[in-house]
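Summary of the model geometry
One letter stands for each residue in the lines below.
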Amino acid sequence: MDLTDDLLHMVLSFLDHVNLCRASMVCRQWRAASAHEDFWRCLNFENRNISMEQFEDMCRRYPNATEVNMFGTPTNQILAMQAVSSLRNLEALTLGRGQLGETFFQALAECNMLKSLNVIDATPGTGIQEIHINHDRLRHLELTKCRVMRISIRCPQLETLSLKRSNMAQAMLNCPLLHLLDIGSCHKLSDAAIRSAAISCPLLELLDMSNCSSVSDETLREIAVTCTNLHVLDASYCPNISLESVRLPMLTVLKLHSCEGITSASMAAISHSYMLEVLELDNCSLLTSVSLDLPLLRNIRLVYCRKFADLNLRTTMLSSIMVSNCQSLNRINITSNSLEKLALQKQENLTTLALQCQCLQEVDLTGCESLTNSICDVLSDGGGCPLLKSLVLDNCESLTTVEFCSTSLVSLSLVGCRGITALELTCPSLEKVCLDGCDHLERASFCPVALRSLNLGICPKLNELRIQAPDMVLLELKGCGVLTEASIDCPLLTSLDASFCSQLKDDCLSATAASCRLIESLILMSCPSVGSDGLYSLCLLPHLTMLDLSYTFLMSLQPVFESCLLLKVLKLQACKYLLNSSLEPLYNEGALPALQELDLSYGTLGQSAIEDLLACCTHLTHVSLNGCVNMHDLDWGCNRGQLSTLPGAYIPSSLFSQDDMHDSVDQPNRLLQNLNCVGCPNIRKVIIPPEARCSHLSSLNLSLSANLKEVDVACFTLCFLNLSNCCSLEILKLQCPRLTSLFLQSCNINEEAVEAAIIHCSMLETLDIRFCPKICSISMGRLRAACPSLKRIFSSLLPAYTGT
């Protein structure tokens, strides 16, 4: 073949028969290539409605086929007879879901090359009660779910035989080389029949007799004597066996699921299987204890053993253990040099756990409610698990004092351990700890740990804290309202949130500042015990850029002005004791020159202080004045909204007069980007003309200002304007060519005013006029005509008005 045909042959080799047939319709070359006998060695007709003529044609075209699957085809026996007689190289045959007569099994002897025969879910035809299978070369035979009374097999080369789920009462085997016998779920096989079948195969290595309820210990004893090479035994669901006086020294796998006769006395017999690697004892309801010293045991299962109470394993090779739903289990002792992961979830009565596992790395004891504080000694250094990295003790509610000293522990989870009141971790490698639900924790020590972040705000009763974490960068104490003592030694800490730590005092803040000099963000919201001494200590934090003192009782900000020279963000929400003069250093003396964001929401500052702040602190980029009851107007249309022409000079607002108004080209632009005046009840007018020099203002939020009547904004950079719930709004004038979003929800403004306002907003895309009583549905067209750039109009009268 030339190169092209070689490549095509390679490509077609990846296709199944259905796609080969489809490929044959492409062209002559593909038809010839797809018919190559290499692709048709295996003829698969499973569950296909193929006729006798079609099958004969396939046999003629591909006489060298070696494998045929006709499971689920009609006329099963006829096709099988044709395959046996026509395909002289046939090696594997699969059929089922039909009737098979005696003639088929007689014809098998003529198929000299046959090595594998699978007969699944077949019914003998013509009333025969016994099947005879004689073949000199057959090696693999499967008769699954076959309904026949007796079966006789003489196959001197047979290696594997499966009679699973067949209902024969007798099986006579003459298969001296058989090493695998599966008679699982053959319920009608008697104990004597099982014994006769098994001992006739002296080379047997694997025996599956699961669900053979009649099998007895006597049969197992004879099998053990005859089949000295037996390695795998599945005797699950055999209620009459106890293994007493049974010796199976070469056994490597033993499965005894739901064996009612297996008790603790059976362990003596199992202990003689010194080659055992896998032991499964699920649902052995009378088993009370397991004590084994098996050097090669690798895997053991104990699931739903309701009376099982004591587990004692000494096996250096143990690598997997599954213990689950053993309600009475209270003691476990494991010695292993190979076990790396141990999961004992929801063993509610487990009280004693002893481990000597040199390679154990992961332990999950979730829901072991009876475990006591002694578990800490077992899993700490010197307790037998020197390589332990991950430990889960979730919902172990009997733990009260947890003390771990481990050089290897990396992850610890104590979620839902509500009884813990004291926690002491000396784990220099610990990188992750979960304390969700530990809401009774009172004392905590993390010295030392490798944590990079820690959240203790979920521990509301914490009153004493010690942390030594050289790698920690984030610490959250938000909500630790009774915390009185805190020693924090975290040299790389950059963020500390101590919100609502109402008992935190100046000495603690000073000590923290001295040991954590890299702090950049400090939140002291609702920390009323912090005073001037604590704030003066902030001079030890040269990188501090964000400070939150909201909801405190501060009367003077002088310590902040003197100590936090590089501060960029200052939050003073609801600081109701601040005087108007408290902010004078900001606009009179140039304090905090790097300040960009200032939040004075819900404060009591007067109108003059607010005006002077906005007029002189042009370096501010974000200002929040939400809920300021003393703010009346925001009018930058007169000289009080301008800056002094003399840099650094402070001129009180009371000295401005109409005669002083002039346009000064020397006045700098404001850097203000976001201005929030949400819910200011007394503000009535907002005027921001071009001469206000707000060349960076992009967002203005005046929502919930119920008495706001007039808004006149001319700002080239404004993109977002929110006037929702300004129910008194009557006048709206906008000269904002870059405005994209305008919110007027629940405003009494009429449609003419809105139309006149948006006509100069050439980039407006979103307009929200829901619940505006003076705007009707027929106004939608007018508004779109006034502003063609609109893409979305939200109205309570229509679901949404959209345009392209």
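All of these numbers come straight from a predicted model, not from anything done at the bench.

What counts, and at which threshold
- Residues numbered from 1 in each chain as written.
- Predicted model: local features only at pLDDT ≥ 70, side-chain atom pairs only at ≥ 80, totals over all residues.
- Heavy atoms only, no water.
- Helix = DSSP H or I, 4+ residues; strand = E, 2+ residues; numbered from the N terminus.
- Rg over C-alpha atoms; globule rule 2.2 N^0.38 Å.
- Buried < 20%, exposed > 50% of the residue type's maximum accessible area, 1.4 Å probe, protein only.
- Contact = heavy atoms within 4.5 Å.
- Lys, Arg positive; Asp, Glu negative; His and termini not counted.
- Charge placed at Lys NZ, Arg CZ, Asp CG, Glu CD.
- Pairing = 2+ DSSP bridges.
- Axes fitted to C-alpha atoms, helices over the stretch in contact; angles between N-to-C directions.
- Domains from an automatic or database assignment.
- Salt bridge = Lys/Arg side-chain N within 4 Å of Asp/Glu carboxyl O.
- Parallel < 35°, antiparallel > 145°, perpendicular 65-115°, else oblique.
- Nonpolar A, V, L, I, M, F, W, Y, C, P; charged D, E, K, R; others polar.
- Patch = residues over 30% accessible without salt bridge, like charges linked within 9 Å, V, L, I, M, F, W, Y side chains within 5 Å.
- Areas by Shrake-Rupley, 256 points an atom, 1.4 Å probe, with all protein chains shown as cover.
- Polar contact = N/O pair within 3.5 Å; in protein donor to acceptor, adjacent residues only side chain to side chain.
- Disulfide = S-S within 2.5 Å.
- Left-handed = near helix turned anticlockwise from the far one by under 90°.

1. Considerations on the overall build of the protein chain
Across its full length, the protein chain carries 17 helices and 51 strands. Computed over its C-alpha atoms, the radius of gyration of the protein chain comes to 43 Å, more than 25% above the 28 Å expected for a compact globule of 804 residues. Its C-alpha atoms give the protein chain principal-axis dimensions of about 125 × 75 × 55 Å. When the 804 residues of the protein chain are sorted by exposure, 49% land in the buried category. Here the contacts in the protein chain between residues at least 6 apart in sequence split such that 42% fall between residues at least 24 apart. Taken as two groups, the 58 positive and 82 negative side-chain charges of the protein chain have centres that lie 7 Å from each other.

2. Observations regarding the sheet that holds strand β32 (residues 464-468)
Read across the sheet, 5 strands follow the order β26-β28-β30-β32-β34 without closing on themselves; strand pairing throughout is parallel. Since the sheet does not close on itself, it has two edges, and those belong to β26 (401-405) and β34 (485-489), each with one partner. Averaged over all neighbouring strand pairs, the angle between strand axes comes to 5°, with direction disregarded. Bridging between β26 and strand β28 (residues 422-427) involves 5 bridges; their strand directions are parallel. Residue E403 lies in a different strand from β28, and its bridge partner there is E424.

3. Looking at the domain arrangement of the protein chain
Domain annotation for the protein chain reports domain 1 (5-39), domain 2 (362-438), domain 3 (442-544) and domain 4 (632-637 + 670-803). If you average the C-alpha positions of domain 1 and of domain 2, the two centres end up 63 Å apart.

4. Describing the pairing of β32
On β32, burial follows the alternation: L465 and I467 on one face are buried, whereas E464, R466 and Q468 on the facing-out side are not. Bridge analysis of strand β30 (residues 443-449) against β32 gives 4 bridges, and the strand direction is parallel. Paired with F446 across the two strands is I467, which belongs to β32. Relative to β34, β32 is paired through 5 bridges, and the arrangement is parallel. The partner of E464 across the bridge, within β34, is E485.

5. Let's talk about unusual backbone geometry
Here C447 and P448 are connected by a cis peptide whose omega angle stands at -15°. For P448, the location among the structural elements is in strand β30. Phi angles above zero are rare outside glycine, and K145 is one such case at about 60°. Within the secondary structure, K145 is located in the loop between β8 (140-144) and β9 (150-154). Exposure remark for K145: the relative accessible area of 29% places this residue in the partly exposed category. You will see that F771, though not glycine, has its phi angle at about 60°, which is positive. Relative to the elements of secondary structure, F771 occurs in the loop between β49 (766-768) and α17 (779-786). Of the residues examined, F771 reaches a relative accessible area of 52% and is grouped as exposed.

6. Thoughts on the pattern of salt bridges
Between side chains of opposite charge, a pair can form as their charged atoms come close. Throughout the structure, instances matching the rule amount to 18 salt bridges. A network of salt bridges, in which partner residues are shared, links D57, R60 and R61.

7. Quick look at helix α7 (residues 191-199)
When α7 is considered as a whole, its buried residues turn out to be D191, A193, I194, R195, A197 and A198. Looking at the buried side of α7, the elements it contacts are β11 (170-174), β12 (180-182) and α8 (217-226).

8. Concerning the packing of α7 against α8
Here α7 crosses α8 at 5°, and the two axes come no closer than 10 Å. The orientation of α7 relative to α8 falls into the category roughly parallel. Contact residues: D191, I194, R195, A198 and I199 in α7; E218, T219, E222, I223 and T226 in α8. A per-class count over the contact of α7 with α8 returns 4 nonpolar, 2 polar and 4 charged.

9. Thoughts on the environment of M70
Along the polypeptide, M70 turns up in the loop between β2 (67-69) and α5 (76-86). The exposure class assigned to M70 is buried, which follows from its relative accessible area of 1%. On a C-alpha basis, the gap between M70 and V290 in space is 49 Å, while along the polypeptide they are 220 residues apart.

10. Quick look at a nonpolar patch on the surface
Taken together, F553, M555 and Y577 make up a surface patch of nonpolar side chains, about 380 Å² in accessible area. Along the polypeptide, F553 turns up in the loop between β37 (546-548) and α13 (558-563). Overall, the relative accessible area of 55% leaves F553 in the exposed class.

11. A look at the sheet that holds strand β47 (residues 731-735)
An order of β41-β43-β45-β47 is seen for the 4 strands of this open sheet, with the pairing classed as parallel. This sheet does not close on itself; its edge strands, each paired only once, are β41 (633-635) and β47. Averaged over neighbouring strand pairs, the angle between their axes works out to 10° when direction is ignored. Where strand β43 (residues 685-688) meets strand β45 (residues 710-714), 4 bridges bridge the pair, whose relative direction is parallel. Each residue of the ladder has a partner; that of I688, found in β45, is V713.

12. Topic: the pairing of β45
Each regular strand displays side chains that alternate between the two surfaces of the sheet. When β45 meets β47, the two strands line up parallel, connected through 5 bridges. In the sheet register, V711 faces β47, and the bridge partner there is L732.

13. Some words on the side chain of D506
Checked against the element boundaries, D506 lands in helix α11 (residues 506-515). K505 provides the closest opposite charge to the buried, salt-bridge-free D506, at an N-O distance of 9.4 Å. There is a polar contact of 2.7 Å between the side chain of D506 and the backbone nitrogen of G531. Contact partners of D506, with chain neighbours within four places excluded, come to S529, V530, G531, S532, D533 and G534.

14. Observations concerning the state of the cysteines
With the rule as written, the count across this model stands at 0 disulfides. Its sulfur unpaired, C42 is 13 Å from the next cysteine sulfur, which belongs to C59.

15. What about the packing of helix α16 (residues 751-758) against α17?
At a minimum axis separation of 9 Å, α16 and α17 run at an interaxial angle of 20°. By the criterion of interaxial angle, the relationship of α16 to α17 is roughly parallel. Where α16 crosses over α17, the handedness of that crossing is right-handed. Note on element contacts: α17 touches α16 through S779, R782, L783 and A786, opposite E751, E752, V754, E755 and I758.

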